[in-house]
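Chain residues, written in single-letter form:
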Amino acid sequence: MPGITLGDTVPNLEVETTHKNFKLHDYFADSWTVLFSHPASPIYLLSLLTNGLKGDFTPVCTTELGAMGKYAHEFEQRGVKLLGLSCDDIQSHKDWIPDIEAFTPGSKVTYPIIADPNKEIIPQLNMIDPIENGPSRALHIVGPDCKIKLSFLYPSTTGRNMDEVLRALDSLLMAAKHKNKIATPVNWKPDEPVVISPAVSDEEAKKLFPQGFKTAELPSKKGYLRVADVS
Ligand code: BEZ
């Protein structure tokens, strides 16, 4: 994925959205944001156009945007904003929303969707699918400092898993809360133990985790896998 990546500041672009126009940094300020884009490959777009439809009305994206709407309260509870992006104009986005909400009962598209009809924004946000050379199924989790903390890039044929988006977000929030002195292990879920970063000495770990921690006994006897309960 050439272009902006983990640790980079998202460019402060002025964007037109289904809510209002704003500068990205104003939207990101003081909270975490899940910014997600949707593919409409040139070949697919062409076939849609010949049927008189626009690029927004793609089937997998319809399910994803609906799921985001259904999970919106989960993001709100965590103080996290959502921001969609699709390569079509505002009117098309607005026309698409009733389909999205109808397909996923209980979903309300309360989050803004950026319009990018000329595909000028997606390259600047590194949301390009290099195989299809067009808009991708990408997702950046952006921190309150406007920097990218995590990125997913899925091919157009694979819809994303919203439980995994939430799980990864919870991991980022947990690591940030502990100033990255912890990390979360495989398949971690909130309330499960975390691992102590290898950058933390045992002495520091004793101070950081007064409740104690466990060191896994492994054949190497190197004592590097330490687990603490922080819930
Ligand atoms: C979709 O969202 O359904 C989709 C978009 C582009 C290519 C294939 C599927």
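A quick note: this is a predicted structure, and the numbers were derived from the prediction, not measured.

(A) Looking closely at the packing of aromatic side chains. Under the definition given, this model contains 4 aromatic pairs. Judged by centre distance (5.5 Å) and plane angle (65°), the rings of Phe36 and Tyr111 are edge-to-face. Highlighted residues: Phe36 in strand β3 (residues 32-37) and Tyr111 in the loop between α5 (90-103) and β5 (113-115), separated in sequence by 75 residues. On the basis of relative accessibility, which here comes to 3%, the residue Tyr111 falls in the buried class. Here Phe57 and Trp96 contribute two aromatic rings whose centre-to-centre distance is 6.1 Å and whose plane-to-plane angle is 50°, an arrangement assigned as tilted. Pair noted here: Phe57 is in the loop between α2 (42-50) and α3 (59-70) and Trp96 is in helix α5, with a separation of 39 residues, a long-range link. A residue is classified by how much of its surface remains accessible, and Phe57, at 24% relative accessible area, is partly exposed. Positioned above the aromatic ring of Tyr27 is the side chain of Lys81, whose terminal nitrogen or guanidinium carbon lies 5.0 Å from the ring centre.

(B) Quick look at the site of the ligand. In the vicinity of the ligand lie 8 residues, with Thr58, Pro59, Val60, Cys61 and Arg137 positioned nearest. One nitrogen or oxygen atom from the side chain of Arg137 is found 3.2 Å from an oxygen atom belonging to the ligand. Across the complex, the protein chains shield 88% of the 260 Å² of accessible surface that the ligand would expose by itself. Top contributing element to the shell around the ligand by residue count: α3, with 3 residues. Residues that form the shell around the ligand fall into these classes: 5 nonpolar, 2 polar and 1 charged.

(C) Seen up close, the pattern of salt bridges. In this structure the tally under the stated criterion is 9 salt bridges. One salt bridge connects Arg167 with Glu164, and the closest N-O pair in it is separated by 2.6 Å. Taken together, the residues Arg167 and Glu164, both in helix α7 (residues 162-177) and 3 residues apart, mark about one turn of the helix. Taking relative accessible area as the criterion, Glu164 reaches 25% and is therefore assigned partly exposed. With its nearest N and O atoms 2.7 Å apart, the salt bridge here joins Lys181 to Glu204. Remark: Glu204 occurs in helix α8 (residues 202-208) and Lys181 occurs in the loop between α7 and β10 (182-183); sequence separation between them is 23 residues. What makes Glu204 partly exposed here is its relative accessible area of 26%.

(D) Local environment of α5. Given a rise of 1.5 Å per residue, 14 residues ought to cover 20 Å, and the 20 Å separating the end C-alpha atoms of α5 matches this to within 8%. Along α5, the helix axis deviates most sharply at Trp96, where the bend reaches about 30°; the proline Pro98 sits within four residues downstream. Among all positions in α5, only Ile90, Ser92, His93, Trp96, Ile97 and Ile100 are buried. Residues of α5 that are buried in the fold lie against α3, β4 (80-86) and β5.

(E) Local environment of the environment of Ala138. By secondary structure assignment, the location of Ala138 is in strand β8 (residues 137-142). With a relative accessible area of 0%, Ala138 lands in the buried category. For Ala138 and Phe36, which are 102 residues apart along the polypeptide, the C-alpha to C-alpha distance reads 5.7 Å. Aside from chain neighbours lying at most four places away, what touches Ala138 is Leu35, Phe36, Ser37, Met127, Phe152, Leu153 and Arg160.

(F) Spotlight on the sheet that holds β3. Taken together, the 5 strands give an open sheet; going across it, the order is β5-β4-β3-β8-β9, and neighbouring strands pair in mixed fashion. One side of each edge strand has no neighbouring strand; the edge strands of this open sheet are β5 and β9 (148-154). Direction aside, neighbouring strands of the sheet carry axes that sit 20° apart on average. Sheet topology places β3 next to β4; 6 bridges connect them, and they run parallel. Bridge pairing in β4 places Phe36 opposite Gly84.

(G) Focus on the side chain of Asp88. Turning to its location among the elements, Asp88 is positioned in the loop between β4 and α5. What makes Asp88 buried here is its relative accessible area of 9%. Within the local environment of Asp88, its side chain forms a polar contact with the backbone nitrogen of Asp56, the two atoms lying 3.1 Å apart.

Definitions and cut-offs
Residues numbered from 1 in each chain as written. Predicted model: local features only at pLDDT ≥ 70, side-chain atom pairs only at ≥ 80, totals over all residues. Heavy atoms only, no water. Phe/Tyr/Trp six-rings, centres within 6.5 Å; stacked < 30°, edge-to-face > 60°. Helix = DSSP H or I, 4+ residues; strand = E, 2+ residues; numbered from the N terminus. Buried < 20%, exposed > 50% of the residue type's maximum accessible area, 1.4 Å probe, protein only. Lys NZ or Arg CZ within 6 Å of the ring centre and 35° of its normal. Near = heavy atom within 4 Å. Polar contact = N/O pair within 3.5 Å; in protein donor to acceptor, adjacent residues only side chain to side chain. Areas by Shrake-Rupley, 256 points an atom, 1.4 Å probe, with all protein chains shown as cover. Nonpolar A, V, L, I, M, F, W, Y, C, P; charged D, E, K, R; others polar. Salt bridge = Lys/Arg side-chain N within 4 Å of Asp/Glu carboxyl O. Expected span 1.5 Å × (residues − 1). Bend = angle between axes of the 7 residues up to and from the residue. Contact = heavy atoms within 4.5 Å. Pairing = 2+ DSSP bridges. Axes fitted to C-alpha atoms, helices over the stretch in contact; angles between N-to-C directions.

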